[in-house]
Amino acid sequence: MNAKAKKVLTALWTYCLLIIVAFIFVFPCLWLVMGSFSATGNLYNIDGFFDTRLSVDAFVKLFTDTAIYDYPNWLLNTFIVASLSCILSTVLLIGTAYVMSYFEFRARKPLMKLTLVLSMFPSFMGMTAVYLLMTQFNLLNNLLGLVFIYSCTAPLGYLVQKGFFDTIPHSIYEAARIDGATNARIFRTITLPLAKPMIVYTALTSFT
């Protein structure tokens with residue numbers, strides 16, 4: 001068997017294996033989606049594995065019957081918190097990563113080590129301290145407090161973004177400095193356009 005035939009067989013085997021694995025993970029999701037459109041409105045009363053009687057009554061009831069569960073309000077609150085957390089987290093993460101990647105200062109290495117150690121501890125260890133701070137700032141039981149909780153710990157995970165900024169050649173920054181560009185202008189006109197993929201990645205993960 002020549003090298004080309006081996007390469008084709010290896011590719012076929014790889015794709016078959018990936019398709020099987022993908023099916024195993026996608027099938028339960030597909031079953032849940034089909035079950036949500038069941039006419040019975042209950043996963044335990046589906047007629048067969050995939051119910052042939054489909055209906056959207058469950059979704060209509062979910063958004064209209066708010067006497068017990070106010071789902072539309074829950075969904076709106078979730079969207080508000082996710083959107084504001086996405087914006088604030090992205091700004092803090094990109095700014096932190098850029099500073100750690102571009103600037104050289106004495107506390108840079110100790111700060112990187114400190115943030116790496118702090119990120120190893122589970123977040124619930126600071127629950128009491130966070131609760132006391134939220135109490136002092138009157139941020140309990142409102143959406144803004146939840147946004148701050150989700151966003152303010154985001155800069156600890158800046159290492160992925162920093163790794164991306166490290167790949168940008170410093171010769172570009174030096175050329176801009178020779179032309180008289182300030183740090184703010186370099187960040188705005190050079191770094192941000194080059195970092196669009198990382199910004200999109202950061203925003204999506206923050207929103208999630």
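As shown above, the structure is provided for reference.
I will try to describe carefully the structure that is included in this document. (Residues numbered from 1 in each chain as written. Predicted model: local features only at pLDDT ≥ 70, side-chain atom pairs only at ≥ 80, totals over all residues. Heavy atoms only, no water.)

1. Regarding the side chain of Ser101
For the record, the criterion: For helices the rule is a DSSP run of H or I covering at least 4 residues; for strands it is a run of E covering at least 2, with both sets numbered from the N terminus onward. Pairs of residues are marked as contacts when any of their non-hydrogen atoms sit within 4.5 Å.
Locating Ser101 in the fold gives a position in helix α3 (residues 71-102). Those residues in contact with Ser101, other than ones at most four positions away along the chain, are Arg108, Lys162, Phe165, Asp166 and His170.

2. Some remarks on the environment of Met125
Heads up, the rule is: For every residue, the accessible area obtained with a 1.4 Å probe (protein chains only) is divided by the maximum for its type, and the residue is called buried under 20%, exposed over 50%, and partly exposed between those limits.
With respect to the secondary-structure elements, Met125 resides in the loop between α4 (108-118) and α5 (127-136). When its relative accessible area of 54% is taken as the criterion, Met125 is described as exposed. In the structure, Met125 is positioned 61 residues away from Ile186 in sequence and 39 Å away in space, judged by C-alpha atoms.

3. Looking at unusual backbone geometry
Backbone geometry at Asn138 places phi at a positive 55°, although glycine is not the residue there. In this fold, Asn138 is placed in the loop between α5 and α6 (143-152). Non-glycine residue Asn141 carries a positive phi angle of around 60°. Relative to the elements of secondary structure, Asn141 occurs in the loop between α5 and α6.

4. Quick word on the environment of Val8
Checked against the element boundaries, Val8 lands in helix α1 (residues 3-36). Taking the relative accessible area as the measure of exposure, Val8 reaches 44% and is therefore partly exposed. Sequence-wise, Val8 and Arg53 are 45 residues apart; in three dimensions their C-alpha atoms are separated by 43 Å.

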